[in-house]
Amino acid sequence: MIAWIVLYIAASYLVGAVPFGYLAGRIRGLDLRREGSCNIGATNAWRVLGWKWGLSVFALDFLKGFVPVFGALNWLPFLTGDAGGWDFNAVVVLVCFAVVLGHTYTCFLGFRGGKGVATTAGVLFALNPVVACVALGAWLVFMGISGIVSLASLVAAVAMIAAGWWFYPLCQGGAVSPQILYIAFFTVVGALVILKHRSNIVRLLNGTEHSFYSKKSK
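Rules of the game
- Residues numbered from 1 in each chain as written.
- Predicted model: local features only at pLDDT ≥ 70, side-chain atom pairs only at ≥ 80, totals over all residues.
- Heavy atoms only, no water.
- Buried < 20%, exposed > 50% of the residue type's maximum accessible area, 1.4 Å probe, protein only.
- Helix = DSSP H or I, 4+ residues; strand = E, 2+ residues; numbered from the N terminus.
- Arc of directions from axis to C-beta.
- Contact = heavy atoms within 4.5 Å.
- Polar contact = N/O pair within 3.5 Å; in protein donor to acceptor, adjacent residues only side chain to side chain.
- Phe/Tyr/Trp six-rings, centres within 6.5 Å; stacked < 30°, edge-to-face > 60°.
- Lys NZ or Arg CZ within 6 Å of the ring centre and 35° of its normal.
- UniProt positions renumbered as here; feature names shortened; annotations may be inferred.
- Patch = residues over 30% accessible without salt bridge, like charges linked within 9 Å, V, L, I, M, F, W, Y side chains within 5 Å.
- Areas by Shrake-Rupley, 256 points an atom, 1.4 Å probe, with all protein chains shown as cover.
- Salt bridge = Lys/Arg side-chain N within 4 Å of Asp/Glu carboxyl O.
- Core = buried A, V, L, I, M, F, W, Y, C linked by side-chain atoms within 4.5 Å.
- Expected span 1.5 Å × (residues − 1).

### Quick look at helix α2 (residues 20–27)
Turning to step 1, where the next piece is worked out: Every buried residue belonging to α2 is among Gly-21, Tyr-22, Ala-24 and Gly-25, and all of these are buried. The arc that holds the buried residues of α2, viewed along the axis, is 160°, so those residues lie on one side.
Turning to step 2, where the next piece is worked out: Along its buried surface, α2 packs onto α3 (42–49) and α4 (51–75).
Turning to step 3, where the next piece is worked out: Of the residues flanking the end of α2, it is Gly-29, one or two places downstream, whose phi is positive at about 80°.

As structure tokens, this is what we get:
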């Protein structure tokens, strides 16, 4: 049983590590690591390759987050037995971490990957659609107001952390709940998304971050 679980976690990392943005750029004869914002994520693919490629990269990055976690939620109970116990929840959280880390630190590109927004979104919708919708709502509002993807993504990361703390209990029946593992996941991954956007934060503070509402950076 343990061997199958380890293999699943490792496979989840490898699925997350597939650099769809990089591959899309190569199909067009470009290296996204040297174009635009020099990132392999969907936003840079949209900016450099066009909206069709950008949406395709987003969809694929989303699915590589959604599918492994959805599979774990439906497959692991047959191995661990108790879908509400510590063993089950710990493995699911490890799968979530593996997928996100695969995207942000892909072994196929020298452990330098994307910023994790689309893949984290896929993980969230598989794990908890309510938390996912809170983060998505925050993203849509700030994207609509500013037209700045990085700002919307940063706000969505904070909203995800806040929603995780709100919806998941720390204790149940006077004992620490296994749900605390999900709170830890939301907090760490939200912090990772913010960390990966540190160059964007600098440009936001300088007023030079790109907005889709203008052809020139504001």
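### Some words on the side chain of Ser-211
Turning to step 1, where the next piece is worked out: Mapped onto the elements of the fold, Ser-211 is located in the segment after α11 (198–206).
Turning to step 2, where the next piece is worked out: Polar side-chain contacts of Ser-211 include one of 3.0 Å to the backbone oxygen of Ser-146.
Turning to step 3, where the next piece is worked out: In this structure the side chain of Ser-211 is engaged in a polar contact, spanning 3.2 Å, whose partner is the backbone nitrogen of Tyr-213.

### Observations regarding the packing of aromatic side chains
Turning to step 1, where the next piece is worked out: Taken as a whole, this structure holds 10 aromatic pairs when the rule is applied.
Turning to step 2, where the next piece is worked out: Between Trp-46 and Phe-212 the ring centres are 6.2 Å apart and the planes differ by 80°, which places this aromatic pair in the edge-to-face class. One end of the pair, Trp-46, is in helix α3; the other, Phe-212, is in the segment after α11, and 166 residues separate them in sequence.
Turning to step 3, where the next piece is worked out: Of the aromatic side chains, those joined through ring pairs into one cluster are Phe-58, Phe-62, Phe-66, Phe-70 and Phe-125.
Turning to step 4, where the next piece is worked out: A cation sits over an aromatic face here: Lys-196 above Tyr-105, 4.8 Å from the ring centre.

### Digging into the UniProt feature "transmembrane region" (unreviewed entry) in the protein
Turning to step 1, where the next piece is worked out: UniProt records the feature "transmembrane region" (unreviewed entry) at residues 6–25, 53–76, 88–111, 123–142, 148–168 and 180–197, using the numbering of this structure.
Turning to step 2, where the next piece is worked out: Secondary structure content for residues 53–76 is 96% helix and 0% strand, while the C-alpha to C-alpha distance between its ends is 34 Å.

### Here we look at a nonpolar patch on the surface
Turning to step 1, where the next piece is worked out: Side chains of Trp-46, Trp-51, Leu-55, Phe-212 and Tyr-213 sit close together on the surface and give an oily, nonpolar patch of about 530 Å² of accessible area.
Turning to step 2, where the next piece is worked out: Along the chain, Tyr-213 falls in the segment after α11.

### Let's talk about the pattern of salt bridges
Turning to step 1, where the next piece is worked out: Applying the stated rule across the entire model yields 5 salt bridges.
Turning to step 2, where the next piece is worked out: A salt bridge links Lys-64 to Asp-61; the nearest nitrogen and oxygen atoms lie 3.3 Å apart. Highlighted residues: Lys-64 and Asp-61, both in helix α4, separated by 3 residues, approximately one helical turn. The same class applies to Lys-64 and to Asp-61, which are both buried.

### Structural notes on the environment of Ile-40
Turning to step 1, where the next piece is worked out: Note that Ile-40 resides in the loop between α2 and α3.
Turning to step 2, where the next piece is worked out: Residue classification places Ile-40 among the buried positions, given a relative accessible area of 4%.
Turning to step 3, where the next piece is worked out: Taking C-alpha positions, Ile-40 is 9.1 Å from Val-57, a pair spaced 17 residues apart along the chain.
Turning to step 4, where the next piece is worked out: Discounting chain neighbours no more than four positions away, the residues touching Ile-40 are Pro-19, Gly-21, Tyr-22, Leu-32, Arg-33, Val-57, Leu-109, Gly-113 and Gly-114.

### Overview of the nonpolar core
Turning to step 1, where the next piece is worked out: Core analysis: the biggest nonpolar cluster contains 31 residues, and Leu-127, Tyr-182, Phe-185 and Phe-186 have the highest contact counts within it.
Turning to step 2, where the next piece is worked out: Among the secondary structure elements, those contributing two or more residues to this core are α4, α6 (86–104), α7 (117–127), α8 (129–146), α9 (149–167) and α10 (180–196).
Turning to step 3, where the next piece is worked out: With 8 residues, α6 is the single largest residue contributor to this core.
Turning to step 4, where the next piece is worked out: If we ignore the near neighbours within four places in the chain, the residues touching Tyr-182 are Phe-88, Asn-89, Val-92, Val-93, Leu-127 and Tyr-168.
Turning to step 5, where the next piece is worked out: Counting 6 residues, the second-largest nonpolar core is a separate cluster that includes Ala-24, Ala-42, Leu-49 and Val-57.

### Some details on unusual backbone geometry
Turning to step 1, where the next piece is worked out: Of note, the phi angle at Cys-38 is positive, near 65°, even though the residue is not glycine.
Turning to step 2, where the next piece is worked out: The topology assignment puts Cys-38 in the loop between α2 and α3.
Turning to step 3, where the next piece is worked out: Here the phi dihedral of Phe-111 falls at roughly 60°; this positive angle occurs in a residue that is not glycine.
Turning to step 4, where the next piece is worked out: Residue position: Phe-111 is located in the loop between α6 and α7.

### Here's the deal with α4
Each full turn of the α-helix corresponds to 3.6 residues, which orients residues three or four apart in the same direction.
Turning to step 1, where the next piece is worked out: For α4, spanning 25 residues, the distance from its first C-alpha to its last is 35 Å, which sits close to the expected 36 Å at 1.5 Å a residue.
Turning to step 2, where the next piece is worked out: Burial in α4 covers these residues: Gly-54, Val-57, Asp-61, Lys-64, Gly-65, Pro-68, Val-69 and Ala-72.

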